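# Close look at the chain arrangement
Each chain, letter by letter, is given below.
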Amino acid sequence: MASFGWKRKIGEKVSKATSQQFEAEAADDKDVADDDDANWVHAAKRRKEILLEDCVKKSKELKDEGANLAENRRYREALRKWDEALQLTPEDATLYEMKSQVLMSLHEMFPAVHAAEMAVQRNPRSWDAWQTLGRAQLGLGEIALAIRSFQVSLHIFPMNPEVWKEDLSWARKLQEQQKATKTESVQALARGKELAQESIPDYDFESDEIVAVCAAIAEKEKALSTAKTVVIVSASGTVETVTEQDNCPATPDETLFIRAR
């Protein structure tokens, strides 16, 4: 009869060398997994970089197409190209600055100011964005704001003769004219008030002339009140006007049937 014995636990006879080999293989597998994770992250970053490069490239193509259209005065088409480019590169300040210029050419001043403000927000160091903003503000009649924008543009690029000789000098000239116009308006208003006050004479109602005039008017009214006028219509349709005196009234005959005063 075969003897029966207890089963040994699994791994009880595993040698030390086998254990070390297993640990080495597990470490290799872990390194491979780590490498796979690193490769995946690197691949994702690379794909993102490629996508951004493609967006920038496509945006530049659209920007150039819009510039060509704007040079040919096809402003609406240029705006559509630049709007597509902004969908790809929304932080491109140059696109907003170019949009502002075209909108000014279309006499759409409020959108032009908005586009120029977006350009300045995205690139506060852009002197041409500040210059365009000043021109758009000048188109709205905001002379003080335009002067400030031109000054910022010159602060960034002090040697720009265009801003010095054209934009800033013109804006200051308009400001002087505006001040002169306001001064003339104030003076004209003051003169009008003075004339209105002078047109009302200061009568002396107790003077001899006024008293004599009032007496003459009273005598005339008294003479008119003593005479009475009567309109008489006869039966045959004849109309007759009779003036009666207080001391000798006129008595109509029996043929009268209508009497009106």
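Residues numbered from 1 in each chain as written. Predicted model: local features only at pLDDT ≥ 70, side-chain atom pairs only at ≥ 80, totals over all residues. Heavy atoms only, no water.

All right, on to the packing of aromatic side chains then. For the structure shown, the criterion picks out one aromatic pair. Taking 5.3 Å as the distance between ring centres and 55° as the angle between the ring planes, the aromatic pair formed by Trp-127 and Phe-157 counts as tilted. With a gap of 30 residues between them, Trp-127 in helix α5 (residues 127-139) and Phe-157 in the loop between α6 (143-156) and α7 (161-198) connect regions that are remote in the sequence. A relative accessible area of 28% places Trp-127 in the partly exposed class. (Phe/Tyr/Trp six-rings, centres within 6.5 Å; stacked < 30°, edge-to-face > 60°. Helix = DSSP H or I, 4+ residues; strand = E, 2+ residues; numbered from the N terminus. Buried < 20%, exposed > 50% of the residue type's maximum accessible area, 1.4 Å probe, protein only.)

Okay, the nonpolar core next. Trp-82 and Leu-133 are the most contacted members of the largest nonpolar core, which totals 26 residues. Put simply, the parts of the chain that give this core at least two residues each are α1 (16-71), α2 (75-88), α3 (93-105), α4 (109-122) and α5. Per-element accounting of this core gives the leading share, seven residues, to α4. Judged by nonpolar contacts, the second largest core, of 10 residues, contains Ala-146, Ile-147, Phe-150 and Leu-174. (Core = buried A, V, L, I, M, F, W, Y, C linked by side-chain atoms within 4.5 Å.)

A few words now on the UniProt feature "repeat: TPR" (unreviewed entry) in the protein. Per the UniProt record, "repeat: TPR" (unreviewed entry) is annotated on residues 59-92 and 127-160. Across residues 59-92 one finds 79% helix and 0% strand; the C-alpha atoms that close the span lie 9 Å apart. Taken as a whole, residues 127-160 contains 79% helix and 0% strand, while its terminal C-alpha atoms sit 9 Å from one another. (UniProt positions renumbered as here; feature names shortened; annotations may be inferred.)

It is worth spelling out α6 at this point. Between the first and last C-alpha of α6 there are 20 Å, a value that for 14 residues agrees with the 20 Å anticipated at 1.5 Å per step. Those residues of α6 not exposed but buried are Ile-143, Ala-146, Ile-147, Ser-149, Phe-150, Ser-153, Leu-154 and Ile-156. (Expected span 1.5 Å × (residues − 1).)

Before going further, it helps to spend a moment on the packing of α5 against α6. Remark: α5 packs on α6, axes separated minimally by 8 Å, with the N-to-C direction vectors making an angle of 165°. Overall, the two elements α5 and α6 adopt an arrangement that is roughly antiparallel. The interaxial crossing formed by α5 with α6 has left-handed handedness. Contacts between α5 and α6 involve Trp-127, Trp-130, Gln-131, Leu-133, Gly-134, Arg-135, Gln-137 and Leu-138 from the first element and Ile-143, Leu-145, Ala-146, Arg-148, Ser-149, Phe-150, Val-152, Ser-153 and Ile-156 from the second. Counted by class, the contact of α5 with α6 contains 10 nonpolar, five polar and two charged residues. (Axes fitted to C-alpha atoms, helices over the stretch in contact; angles between N-to-C directions. Parallel < 35°, antiparallel > 145°, perpendicular 65-115°, else oblique. Left-handed = near helix turned anticlockwise from the far one by under 90°. Contact = heavy atoms within 4.5 Å. Nonpolar A, V, L, I, M, F, W, Y, C, P; charged D, E, K, R; others polar.)

Here we come to the packing of α2 against α3. Where α2 meets α3, the axes come as close as 10 Å, and the angle between the chain directions of the two elements is 160°. Between α2 and α3, the angle is such that the two are roughly antiparallel. Of the two elements, α2 crosses α3, and the hand of that crossing is left-handed. Two secondary-structure elements touch here, α2 through Tyr-75, Leu-79, Trp-82, Asp-83, Ala-85 and Leu-86 and α3 through Leu-95, Tyr-96, Met-98, Lys-99, Val-102, Leu-103 and Ser-105.

In this section: the pattern of salt bridges. As enumerated under the stated definition, the model contains nine salt bridges in all. With its nearest N and O atoms 3.1 Å apart, the salt bridge here joins Lys-81 to Glu-65. Taken as a pair, Lys-81 in helix α2 and Glu-65 in helix α1 lie far apart in primary sequence, 16 residues in all. Looking at Glu-65, the relative accessible area reads 33%, which means it is partly exposed. The partner of Asp-83 in a salt bridge is Lys-99, and the shortest N-O contact between them spans 3.0 Å. Note that Asp-83 is positioned in helix α2 and Lys-99 in helix α3, a separation of 16 residues in sequence. Given the relative accessible area of 34%, Asp-83 is considered partly exposed. Relative accessible area serves as the criterion here: at 17%, Lys-99 is assigned to the buried category. (Salt bridge = Lys/Arg side-chain N within 4 Å of Asp/Glu carboxyl O.)

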